[in-house]
Amino acid sequence: GPLSEKHLMDVRLGELPAWLATRDFSPQGLLGGAQKAWSSYYEKYINVRRGGPAGVSMLLAGYCLLSYGWNYQHLKRHRWRKYH
């Protein structure tokens, strides 16, 4: 097909300058590209048809790591405290 209809991953290295020349770099074009990228990411990773426990467990594991990182200094000081 025409070069302007190809995705970035389908463009060869020699065709890259010509492909970039066909892109719309106006603010509206950049906003449209960002919206298209977000919708494709959303459809691929978030809005999956067969969701299961893997997505929920990844969310919980991320929350545990994040909360541990937030409280690390407090936990570090608490660990060295002596109880007598």
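Below, the structure is looked at part by part. Predicted, not measured: the structure shown is a model, and the values here were computed from it. Along every chain, residues carry numbers that run from 1 in the direction the sequence is written. Owing to the predicted nature of the model, reporting of local features is limited to residues with pLDDT of at least 70; listing and counting of side-chain atom pairs is limited to 80 or more, with chain, interface and lining totals taken over all residues. Heavy atoms from the whole structure form the basis of all side-chain values; hydrogens and water molecules are not counted.

**Focus: the overall build of the protein**
As a reminder, the rule being used: Here a helix means four or more residues in a row that DSSP labels H or I, a strand means two or more in a row labelled E, and each is numbered from the N terminus. Burial here depends on accessible area, computed with a 1.4 Å probe over protein chains only, as a share of the maximum for the residue type. Under 20% is buried, over 50% is exposed, and the range in between is partly exposed. In these tables, accessible area is a Shrake-Rupley quantity obtained with a 1.4 Å probe, and a residue counts as shielded only by the protein chains included in the view.
Within the protein one finds four helices and zero strands. Put simply, the protein has 84 residues, and 2% of those count as buried. Carbon and sulfur atoms provide 62% of the accessible area of the protein, an area that totals close to 8200 Å².

**A closer look at the pattern of salt bridges**
Let me state the cut-off plainly: For salt bridges, the criterion is a side-chain nitrogen of Lys or Arg within 4 Å of an Asp or Glu carboxyl oxygen.
By the definition in use, this model includes one salt bridge. The closest approach of N and O atoms between K6 and E15, which form a salt bridge, is 3.5 Å.

**Some thoughts on the layout of surface pockets**
As a reminder, the rule being used: Here a cavity denotes grid points, spaced 1 Å and computed from the protein atoms alone, that fit a 1.4 Å probe unable to get out, and a pocket denotes an open set having protein on both sides within 12 Å along at least 5 of 7 lines; residues with an atom within 4 Å of a point are the lining. Grid points are joined across faces, edges and corners, and a volume is the space filled by probe spheres set on the points. The classification used treats Ala, Val, Leu, Ile, Met, Phe, Trp, Tyr, Cys and Pro as nonpolar, Asp, Glu, Lys and Arg as charged, and all other residues, Gly among them, as polar.
Its volume calculated, the largest pocket comes out at about 420 Å³. Around the largest pocket, the lining comprises 15 residues; the ones closest to its centre are H7, W19, R23, G33 and K36. Tallying contributions element by element places helix 2 (residues 27-46) first for the lining of the largest pocket, with six residues. Of the residues contributing to the lining of the largest pocket, the split by class is five nonpolar, five polar and five charged.

**Quick look at the packing of aromatic side chains**
Defined as follows: Only Phe, Tyr and Trp rings are paired, with Trp represented by its six-membered ring, and only when their centres lie within 6.5 Å; those with planes under 30 degrees apart are stacked, over 60 edge-to-face, the remainder tilted.
For the structure shown, the criterion picks out two aromatic pairs. Seen in terms of ring centroids, W38 and Y41 are 5.6 Å apart; in terms of plane orientation they differ by 35 degrees. Their pairing is tilted. With W38 and Y41 both in helix 2 and three residues apart, this pair spans about one turn of that helix. Both rings, one in W38 and one in Y42, keep their centres 6.2 Å apart while their planes meet at 40 degrees; by these two values the pair is tilted. Residue W38 and its partner Y42 are located together in helix 2, separated by four residues, close to a single helical turn. Among the aromatic residues, those joined into a cluster by ring pairs are W38, Y41 and Y42.

**Details of a nonpolar patch on the surface**
Note the threshold: Each patch is built from residues that are more than 30% exposed by relative accessible area and take part in no salt bridge. Like charges join if they lie within 9 Å; nonpolar side chains (Val, Leu, Ile, Met, Phe, Trp, Tyr) join within 5 Å.
Residues W38, Y41, Y42, Y45 and I46 make up a contiguous nonpolar surface patch of about 560 Å² in total accessible area. Y41 sits in the partly exposed class, given a relative accessible area of 41%.

**Some words on the environment of E15**
Convention followed: By the convention used here, residues are in contact when the closest approach between their heavy atoms is within 4.5 Å.
Tracing the chain through its elements places E15 in the segment before helix 1 (16-21). Judged by relative accessible area, which is 26%, E15 ranks as partly exposed. For E15 and L3, which are 12 residues apart along the polypeptide, the C-alpha to C-alpha distance reads 8.2 Å. If we ignore the near neighbours within four places in the chain, the residues touching E15 are L3 and K6.

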